[in-house]
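An overview of the molecular structure
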Amino acid sequence: MWRAEDAATLVGMEQSGVTGFNEILVLTPRVFEEGLDAVVAVREQRTVLLNLSNMETKLAQRTADFVSGGVYALEGQERRIGERVMLFAPRSVDIDQLS
């Protein structure tokens, strides 16, 4: 199940044996200030997929650095998914990577 809201898409997944709702917030910021939304989401225990492909290279790097620092301060974690796509998650989420 998914729904689009402005620059974000929420994706719900039901897991067998687990009750509740899990989601990944997909953010595609166009300006630096929208990067704060990713940090706030992680603070609220949400996982964020940050797509910086709509930003100029230097601004995308600045935004990635800002979000990385904010998530680090929250004891969260990050993984680079692609050249301009990053995954940020709160400490309570396990991120596994298969080779």
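Residues numbered from 1 in each chain as written. Predicted model: local features only at pLDDT ≥ 70, side-chain atom pairs only at ≥ 80, totals over all residues. Heavy atoms only, no water.

1. Considering the packing of aromatic side chains
This model, assessed by the stated rule, comprises one aromatic pair. Geometry around Phe-32 places Arg-62 over its ring, the cationic atom sitting 3.9 Å from the centre. (Phe/Tyr/Trp six-rings, centres within 6.5 Å; stacked < 30°, edge-to-face > 60°. Lys NZ or Arg CZ within 6 Å of the ring centre and 35° of its normal.)

2. Points about the pattern of salt bridges
Scanning the entire structure with this criterion turns up two salt bridges. Ionic pairing is found between Glu-23 and Arg-46, a salt bridge with its closest N-O pair at 2.8 Å. Placement of Glu-23 in strand β3 (residues 18-27) and of Arg-46 in the loop between α1 (36-43) and β4 (47-51) is noted, with a sequence separation of 23 residues between them. With relative accessibility at 22%, the residue Glu-23 sits in the partly exposed group. Here Arg-46 falls in the partly exposed class, since its relative accessible area comes to 22%. The residue Arg-91 makes a salt bridge to Glu-75 at a minimum N-O spacing of 2.3 Å. A residue pair is termed long-range when its members are at least 10 positions apart, and Arg-91 in the segment after β6 (85-89) and Glu-75 in the loop between α2 (57-73) and β5 (77-82) qualify at 16 residues. Note on Arg-91: relative accessible area 60%, which makes it exposed. (Salt bridge = Lys/Arg side-chain N within 4 Å of Asp/Glu carboxyl O. Helix = DSSP H or I, 4+ residues; strand = E, 2+ residues; numbered from the N terminus. Buried < 20%, exposed > 50% of the residue type's maximum accessible area, 1.4 Å probe, protein only.)

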